[in-house]
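# Remarks on the overall topology
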2 protein chains.
Amino acid sequence: MNPKILNTLSYGMYAIGVEGEHYPSASIVNTVFQITSSPMTIAVSVNHNNYTNERIKATGKFTVSVLSENTSGFVIGALGFNSGRDSDKLKNINYKVLRENVPVLRENICCWFLCKVVNTVETMTHTVFFAEIKAGSDDYSGTPMTYDYYHKVIKGRAPKNAPTYQPDTGDDRSPQLKYVCPICRFVYKDSEQTVPFEELPDDWKCPICGVPKSEFKIEG
Amino acid sequence: MNPKILNTLSYGMYAIGVEGEHYPSASIVNTVFQITSSPMTIAVSVNHNNYTNERIKATGKFTVSVLSENTSGFVIGALGFNSGRDSDKLKNINYKVLRENVPVLRENICCWFLCKVVNTVETMTHTVFFAEIKAGSDDYSGTPMTYDYYHKVIKGRAPKNAPTYQPDTGDDRSPQLKYVCPICRFVYKDSEQTVPFEELPDDWKCPICGVPKSEFKIEG
């Protein structure tokens, strides 16, 4: 069996908002799914190491903002590849805080809803939170971003804590230099591009999260 | 909050194969998602009333066939809107039975994998099975069918036992006659079509599951 067959499972892209200790915080997940329609209950899977996991356990609540195809790679880079434990991840993001002290995104989302945890299940690496929906948008708009769209169109990849993370399998015939974004881990390989990295203009930025070219790291 | 905002969650389309008491059996679900990558673990949500639920509990195993965009509406109609409790649902479907006595589909799927249950969680209406993947295809092909594609392109709807089922909200200004497929609940409304139902040719069939026009029921 080839583990890559699991890439055929379909997911959406969501920002999970939580009440942080110092700032409101949010992270990106792809595994939100409805369990029952009455009472409206969803499940979401969050890595044990994520600050979001810790804060959901501490507060028993979170929000889901459903990302649309118009959500910029910057938002995904800012929320998906940093920890809210020691930084204000939402600093440059347009959001509002609900009266329950949990943030939801304001721009380019299809809708949002507020959830209260009713059960948790631990697995080796992730907690699956079962939660009832307590409030949400009056309407929805836009086209929901799928995980497939994120990979194919935005050319994003999964961070190490995602359930769907797959290590680089080294398919290359010979080792190649890679230029890696320190924030979102976007990889620029000369062997796959027309313009070599060094020849990109100085004001070139990471297409996912906007980090300047000068901050990219070379990996062998 | 409008409950329809939950339509923005993204899902795939899957056939769950089980060892039946009399025949191999299978049903359609849209909620399969990966939980951890090592050991490879997935979760799937199945309604309490479904024969599939009963058979997974009795045998501790099931398969997932990932449907592709080429999977016909007939397959979804045959597996998704009947019970395997008293009929051979796979009678007219191309499938094979693994040595573990569980069936997988053979045609127009992206891939398949075999799962062993490691944990179960009960909710009001559904059981969520956590299962480790024990074997699967050597490769995958085709484009996975999303639930959105099923709704928009195949014009399918959710059966009553699906977590994503939503009752008809009666948006019509005045009551209209509806012609409803007794198998897959596909609805033909004269008010939405160019040709009234009664004027369709006698050999017209349900576009989802192939049931003949003569078996459609009129609902007020």
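Residues numbered from 1 in each chain as written. Chains lettered and ligands numbered in written order. Predicted model: local features only at pLDDT ≥ 70, side-chain atom pairs only at ≥ 80, totals over all residues. Heavy atoms only, no water.

For the rest of this paragraph, the subject is the interface of chain B and chain A. Listed per partner, the contact involves 50 residues of chain B and 50 residues of chain A. Counting the surface lost from both chain B and chain A, the interface buries some 4,100 Å², and carbon and sulfur atoms represent 70% of this. The tally of links between chain B and chain A comes to 0 salt bridges. Mapped by element, the contributors of at least two residues to the side of chain B that touches chain A are β3 (32-37), β4 (40-47), β8 (109-122) and β9 (126-136) of chain B. Considered class by class, the residues forming the side of chain B that touches chain A number 29 nonpolar, 18 polar and 3 charged. (Contact = heavy atoms within 4.5 Å. Buried area = accessible area lost by both parts, 1.4 Å probe. Salt bridge = Lys/Arg side-chain N within 4 Å of Asp/Glu carboxyl O. Helix = DSSP H or I, 4+ residues; strand = E, 2+ residues; numbered from the N terminus. Nonpolar A, V, L, I, M, F, W, Y, C, P; charged D, E, K, R; others polar.)

Our focus in this paragraph is helix α2 (residues 73-80) of chain B. Each α-helix turn comprises 3.6 residues. Residues three or four places apart therefore point the same way. Residues and elements named next belong to chain B. With 7 of its 8 residues buried, α2 lies for the most part within the structure. By the burial criterion, the buried members of α2 are Gly73, Val75, Ile76, Gly77, Ala78, Leu79 and Gly80. Where α2 is buried, its residues touch β1 (14-19), β2 (24-29), β5 (61-67), β7 (103-105) and α3 (147-152). (Buried < 20%, exposed > 50% of the residue type's maximum accessible area, 1.4 Å probe, protein only.)

What follows deals with the sheet that holds strand β11 (residues 187-189) of chain B. Residue and element names in this part refer to chain B. One open sheet holds the 3 strands; their spatial order is β11-β10-β12, and the pairing between them is antiparallel. Here the strands that pair on one side only, and so sit at the sheet edges, are β11 and β12 (217-219). Averaged over neighbouring strand pairs, the angle between their axes works out to 30 degrees when direction is ignored. Here 3 bridges tie strand β10 (residues 178-180) to β12, and the two strands are oriented antiparallel to one another. The partner of tyrosine 179 across the bridge, within β12, is isoleucine 218. (Pairing = 2+ DSSP bridges. Axes fitted to C-alpha atoms, helices over the stretch in contact; angles between N-to-C directions.)

What follows covers empty space enclosed by the protein. In the structure shown here, the tally under the stated rule is 1 cavity of 30 Å³ or more. A volume near 50 Å³ is recorded for the largest cavity. Together, 13 residues line the largest cavity, and Ser10(A), Tyr11(A), Val32(A), Ser10(B) and Phe33(B) are the ones closest to its centre. Of all elements in the fold, only β3 (32-37) of chain A together with β3 of chain B reach the threshold of two or more residues within the lining of the largest cavity. In the lining of the largest cavity, the residues fall into 6 nonpolar, 7 polar and no charged. (1 Å grid on protein atoms, 1.4 Å probe; cavity = no way out; pocket = protein on both sides within 12 Å on 5 of 7 lines; lining within 4 Å. Points joined across faces, edges and corners; volume = space filled by probe spheres on them.)

Taken by themselves, the reported measurements are silent on function.
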